[in-house]
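# Descriptive analysis of the structure
Residue-level listing of the chains:
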Amino acid sequence: MTSSARSSSSTSPQTSQPKGYTPKKGQPTPKRSESEKGLRRPLNAPQTRREAYRQYRERRAREQRRGAQRAGAPKGEEQHFRPQDMGPVRAHARDLVDSRRSVSEFFLPFSLVIIVLAFIPSPQFQIGVYYVVWPALMVTIVAEGIFTGRRVKREARARFPDESVRGAGFYAAVRQLQLRKLRLPKPRVRVGEAITPTNR
């Protein structure tokens, strides 16, 4: 028998199989519960007792840092501030925002009032709320944020020429949206108080 005949005879069983035929895999398909066991294992499961103790100490240290941050930031302890709150530029931005009143800091109460007023069963009144009061509030908040951000950057460049002012304007605008009692770090200047080097 020639090689061509042998090759044709060896491939003939495969070609005679019906279309869509799938050969056996050689082992049964695992159950869903068995296949999910491997997925539920922790990704960083400790392999030794020493590694487990090291992970425990790291977790405890992170929890202690968070606790110290929550307790120290409201008291004005700078070593417990978040990274985005550090530096003289951010301190000046906070002082400038905290030293003046703005419409933006009452955004949340005003929003709740507008939502309540929108339920008054009067089409004319609802149109006024949706198309006059609400847009006016949004425009005022955006304008205040832009004005405050530019002022913070301008004064920070003059007072701290060696410091970066990147992100300081947005930082001040976001703080301005918060109620004074909820701001962190807590305000250290009163409304109307002049910002002096002693404040910082």
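Quantities reported herein were computed from a predicted structural model and do not represent experimental measurements.

## Focus: the overall build of the chain
- In terms of regular secondary structure, the chain is built from 7 helices and 0 strands.
- Each helix and strand of the chain, ordered N terminal to C terminal, gives the series α-α-α-α-α-α-α.
- Residues classed as buried in the chain amount to 23% of the 200 residues present.
- Residue pairs in contact within the chain that sit at least 24 positions apart in sequence constitute 67% of those at least 6 positions apart.
- Carbon and sulfur atoms make up 58% of the accessible area of the chain, which totals about 15300 Å².

## Points about helix 6 (residues 123-159)
- Helix length check: helix 6 (37 residues) gives 53 Å between terminal C-alpha atoms against 54 Å at 1.5 Å per residue, within 8%.
- Most pronounced at Val-129, the bend in helix 6 amounts to some 35 degrees.

## So, the nonpolar core
- Grouped together as the largest cluster of nonpolar side chains are 12 residues: Val-89, Ala-93, Leu-96, Val-97, Val-152, Ala-156, Phe-160, Val-165, Ala-168, Tyr-171, Ala-172 and Ile-195.
- When residues of this core are traced back to their parent elements, those giving at least two are helix 4 (88-98), helix 6 and helix 7 (168-176).
- Broken down by element, the residue count for this core peaks at 4 residues, all from helix 4.
- Apart from residues lying up to four places away in sequence, Ala-156 is in contact with Val-89, His-92, Pro-161 and Val-165.

## Structural notes on the side chain of Thr-148
- Checked against the element boundaries, Thr-148 lands in helix 6.
- What Thr-148 contacts, discounting residues up to four positions off in sequence, is Leu-96, Val-97, Arg-100, Ala-172 and Gln-176.

## A short note on unusual backbone geometry
- Omega for the peptide link from Leu-184 to Pro-185 comes to -5 degrees, which places this bond in the cis form.
- Take Pro-185: it is sitting in the segment after helix 7.

## Notes on the side chain of Asp-98
- By the secondary structure assignment, Asp-98 is in helix 4.
- In terms of polar contacts, Asp-98 uses its side chain to reach the side chain of Arg-175, at 3.0 Å.
- In this structure, Asp-98 is in contact with Arg-175, Arg-180, Arg-183, Pro-187, Arg-188, Val-189, Arg-190 and Val-191, ignoring residues within four places of it in sequence.

## Overview of the layout of surface pockets
- For the second largest pocket, the calculated volume is near 150 Å³.
- Of the residues contributing to the lining of the second largest pocket, the split by class is 4 nonpolar, 2 polar and 3 charged.

## A short note on the packing of helix 4 against helix 6
- Relative to each other, helix 4 and helix 6 sit at 130 degrees, their axes nearing to 10 Å. The pairing of helix 4 with helix 6 is recorded here as oblique in orientation. In terms of crossing hand, the pair formed by helix 4 and helix 6 is right-handed. Touching Val-89, His-92, Ala-93, Leu-96 and Val-97 of helix 4 are Thr-148, Arg-151, Val-152, Glu-155, Ala-156 and Arg-159, all from helix 6.

## So, the pattern of salt bridges
- Inspection of the entire model under this criterion finds 7 salt bridges.
- Between Glu-105 and Arg-101 there is a salt bridge, with the nearest N and O atoms lying 3.2 Å from each other.
- A residue is classified by how much of its surface remains accessible, and Glu-105, at 3% relative accessible area, is buried.
- By sharing partners, the salt bridges in this structure join Asp-98, Arg-175 and Arg-183 into a single network.

## Re a nonpolar patch on the surface
- A cluster of nonpolar side chains, namely Ile-127, Tyr-130, Tyr-131, Val-132 and Val-133, defines an oily patch on the protein surface of about 550 Å² accessible area.
- Summarising the element assignment, Tyr-131 is placed in helix 6.

## Observations concerning the environment of Arg-166
- Its location among the elements puts Arg-166 in the loop between helix 6 and helix 7.
- When the C-alpha atoms of Arg-166 and Lys-153 are compared, they prove to be 8.3 Å apart, with 13 residues separating the residues in sequence.

Cut-offs and rules
- Residues numbered from 1 in each chain as written.
- Predicted model: local features only at pLDDT ≥ 70, side-chain atom pairs only at ≥ 80, totals over all residues.
- Heavy atoms only, no water.
- Helix = DSSP H or I, 4+ residues; strand = E, 2+ residues; numbered from the N terminus.
- Buried < 20%, exposed > 50% of the residue type's maximum accessible area, 1.4 Å probe, protein only.
- Contact = heavy atoms within 4.5 Å.
- Areas by Shrake-Rupley, 256 points an atom, 1.4 Å probe, with all protein chains shown as cover.
- Expected span 1.5 Å × (residues − 1).
- Bend = angle between axes of the 7 residues up to and from the residue.
- Core = buried A, V, L, I, M, F, W, Y, C linked by side-chain atoms within 4.5 Å.
- Polar contact = N/O pair within 3.5 Å; in protein donor to acceptor, adjacent residues only side chain to side chain.
- 1 Å grid on protein atoms, 1.4 Å probe; cavity = no way out; pocket = protein on both sides within 12 Å on 5 of 7 lines; lining within 4 Å.
- Points joined across faces, edges and corners; volume = space filled by probe spheres on them.
- Nonpolar A, V, L, I, M, F, W, Y, C, P; charged D, E, K, R; others polar.
- Axes fitted to C-alpha atoms, helices over the stretch in contact; angles between N-to-C directions.
- Parallel < 35°, antiparallel > 145°, perpendicular 65-115°, else oblique.
- Left-handed = near helix turned anticlockwise from the far one by under 90°.
- Salt bridge = Lys/Arg side-chain N within 4 Å of Asp/Glu carboxyl O.
- Patch = residues over 30% accessible without salt bridge, like charges linked within 9 Å, V, L, I, M, F, W, Y side chains within 5 Å.

From the geometry alone we can't say anything about function, so treat these as descriptive.
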